[in-house]
Amino acid sequence: NEIIKEITGEEVQYVRPPYGSWDKSFESELNMFPVLWTVDPLDWSSSNVGRITDKIVKKAGENDIILMHDYYDSSVTAALQAIDELLEEGYTFVTVEEILFDFYNQTIEANQIDLSIADVPENEVFPVEEFGEFRIRLVNEDSGGMGER
């Protein structure tokens, strides 16, 4: 992680756990978000580019994260072919960050909670880990007005 930070100037925020094995206690130890996948074409087990590409294209759907291993030339070739085919089908590709934060923001919007302004102590600071844009909608029950923070 230190080498990556030296090169990019950015802290490493995400980890793909080997074999998808993750324990919640790792989050505090590593201080990173785990990124797991929804599509595993088992590319490491075959050098057949066509078979790997077909698995990816058949299994992939909206907001999927596809696991690939760039160690194998066949995986790299299959990934490039799958990208071309999925683009033709109308898919777009985004970063893991965009998928995670979009899901998070949609969840917040779907489960939006209104707090009474009276419930928020004056000058109270809430420690919230940085996680994209985060808004709390406050409702002043006395005036019926609303504000966002």
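Here we summarise the structure given alongside this text. (Residues numbered from 1 in each chain as written. Predicted model: local features only at pLDDT ≥ 70, side-chain atom pairs only at ≥ 80, totals over all residues. Heavy atoms only, no water.)

1. As for the packing of aromatic side chains
Line of reasoning, step 1. In total, this model carries 2 aromatic pairs according to the counting rule given.
Line of reasoning, step 2. Ring centres of Tyr71 and Tyr72 lie 5.1 Å apart, and the angle between their planes is 90°; on these two criteria the pair is classed as edge-to-face.
Line of reasoning, step 3. On the basis of relative accessible area, Tyr71 is assigned to the exposed category, the value being 70%.
Line of reasoning, step 4. On the basis of relative accessible area, Tyr72 is assigned to the partly exposed category, the value being 32%. (Phe/Tyr/Trp six-rings, centres within 6.5 Å; stacked < 30°, edge-to-face > 60°. Buried < 20%, exposed > 50% of the residue type's maximum accessible area, 1.4 Å probe, protein only.)

2. Thoughts on the pattern of salt bridges
Line of reasoning, step 1. For the structure on display, the rule yields 1 salt bridge.
Line of reasoning, step 2. Here Glu11 makes a salt bridge to Lys5, at a shortest N to O gap of 2.6 Å. (Salt bridge = Lys/Arg side-chain N within 4 Å of Asp/Glu carboxyl O.)

3. Brief notes about unusual backbone geometry
Line of reasoning, step 1. Even without glycine at this site, Tyr19 takes up a positive phi of about 65°.
Line of reasoning, step 2. Here Tyr19 shows up in the loop between strand S1 (14-15) and helix H2 (25-30).
Line of reasoning, step 3. Given the relative accessible area of 80%, Tyr19 is considered exposed. (Helix = DSSP H or I, 4+ residues; strand = E, 2+ residues; numbered from the N terminus.)

4. Some words on the side chain of Ser46
Line of reasoning, step 1. As for its placement among the helices and strands, Ser46 is situated in the loop between strand S2 (33-34) and helix H3 (49-59).
Line of reasoning, step 2. Overall, the relative accessible area of 16% leaves Ser46 in the buried class.
Line of reasoning, step 3. Of note is the side chain of Ser46, whose polar atom sits 2.9 Å from the backbone nitrogen of Asn48.
Line of reasoning, step 4. Ignoring sequence-local partners within four residues, the contact set of Ser46 consists of Arg51, Ile52 and Ser74. (Polar contact = N/O pair within 3.5 Å; in protein donor to acceptor, adjacent residues only side chain to side chain. Contact = heavy atoms within 4.5 Å.)

5. A look at a nonpolar patch on the surface
Line of reasoning, step 1. A contiguous nonpolar surface patch, about 420 Å² in accessible area, is contributed by Val76, Leu80, Ile83, Leu87 and Phe93.
Line of reasoning, step 2. The partly exposed category is assigned to Val76, whose relative accessible area is 35%. (Patch = residues over 30% accessible without salt bridge, like charges linked within 9 Å, V, L, I, M, F, W, Y side chains within 5 Å. Areas by Shrake-Rupley, 256 points an atom, 1.4 Å probe, with all protein chains shown as cover.)

6. As for a negative patch on the surface
Line of reasoning, step 1. Judged by side-chain charge, Asp54, Asp84, Glu85, Glu88 and Glu89 come together as a negatively charged surface patch.
Line of reasoning, step 2. Among the elements that take part in the negative patch, helix H4 (residues 73-88) stands out by supplying 3 residues, more than any other.
Line of reasoning, step 3. You can see Glu85 is positioned in helix H4.
Line of reasoning, step 4. Under the relative-accessibility criterion, Glu85 is labelled partly exposed at 32%. (Lys, Arg positive; Asp, Glu negative; His and termini not counted. Charge placed at Lys NZ, Arg CZ, Asp CG, Glu CD.)

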